Amino acid sequence: MVVSILTLILCILVLHCKDRRHIYEKRELTDIIKYIAPLLVVNGHLFLFGGGPENLSDELNIGPLCVSLFLFLSGYGLMHSYAGKGNRYLKGFISHRIGKVLLPLMTAYIVTLPVYRIVIGSFDWRTVISTLHWGGPFLKFS
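Residues numbered from 1 in each chain as written. Predicted model: local features only at pLDDT ≥ 70, side-chain atom pairs only at ≥ 80, totals over all residues. Heavy atoms only, no water.

Colleague: Can you help me understand the overall build of the chain in this one?
Modeller: The helix and strand tally for the chain stands at 7 helices and 0 strands. N-terminal to C-terminal, the α/β element order of the chain is α-α-α-α-α-α-α. Among the 142 residues that make up the chain, the fraction classed as buried is 23%. For the chain, the proportion of contacts with a sequence separation of at least 24, taken over those separated by at least 6, is 40%. Surface accessibility of the chain: about 10,500 Å² in total, with carbon and sulfur atoms responsible for 69%. (Helix = DSSP H or I, 4+ residues; strand = E, 2+ residues; numbered from the N terminus. Buried < 20%, exposed > 50% of the residue type's maximum accessible area, 1.4 Å probe, protein only. Contact = heavy atoms within 4.5 Å. Areas by Shrake-Rupley, 256 points an atom, 1.4 Å probe, with all protein chains shown as cover.)

Below, the structure is given as structure tokens:
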């Protein structure tokens, strides 16, 4: 399975390498990889924390690799934008990025809290609000 996923990523890279642009100019390529990587991280969490055959969970857990890849591509993109725009890039940084952080966080809570309620039981909304900055018992690994 891991080999097939890595082969898929390699095929995407090869398809995008046919044109003469540099890799840092291929934003759509990094967006595809940054879309696939979190899905593989979630896959790893399901196998790691959800149980299943041990040999299968070891084989399919490439989450740490995907987190590293995602963070590298994100950081590289931020530095490339800063290098091109300079201080002008920093002026709207917080307002431009806040939605890209809050939307996934709220989506994670919208999905996680009902599952937490079904599996664990009731929860206190004050705990949810007071632990938003670190995930609390609801999003421990966020």
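So, next bit.
Colleague: Teacher, can you tell me more about a nonpolar patch on the surface here?
Modeller: Side chains of I98, L102, M106, I110 and V111 sit close together on the surface and give an oily, nonpolar patch of about 460 Å² of accessible area. For I110, the location among the structural elements is in helix α6 (residues 93–119). By relative accessible area, which is 62% here, I110 ends up exposed. (Patch = residues over 30% accessible without salt bridge, like charges linked within 9 Å, V, L, I, M, F, W, Y side chains within 5 Å. Salt bridge = Lys/Arg side-chain N within 4 Å of Asp/Glu carboxyl O.)

Colleague: When you look at α6 in this model, what are you seeing that I'm missing?
Modeller: Note that an α-helix has 3.6 residues per turn; residues three or four places apart therefore point the same way. A rise of 1.5 Å per residue sets the reference length of α6, with its 27 residues, at 39 Å; its end C-alpha atoms lie 39 Å apart and thus fit the reference within 8%. Taken as a whole, α6 has its buried residues at Y109, T112, L113 and Y116. Buried residues belonging to α6 abut α7 (125–130). Looking at the residues trailing α6, positive phi occurs at G121, about 135 degrees. (Expected span 1.5 Å × (residues − 1).)

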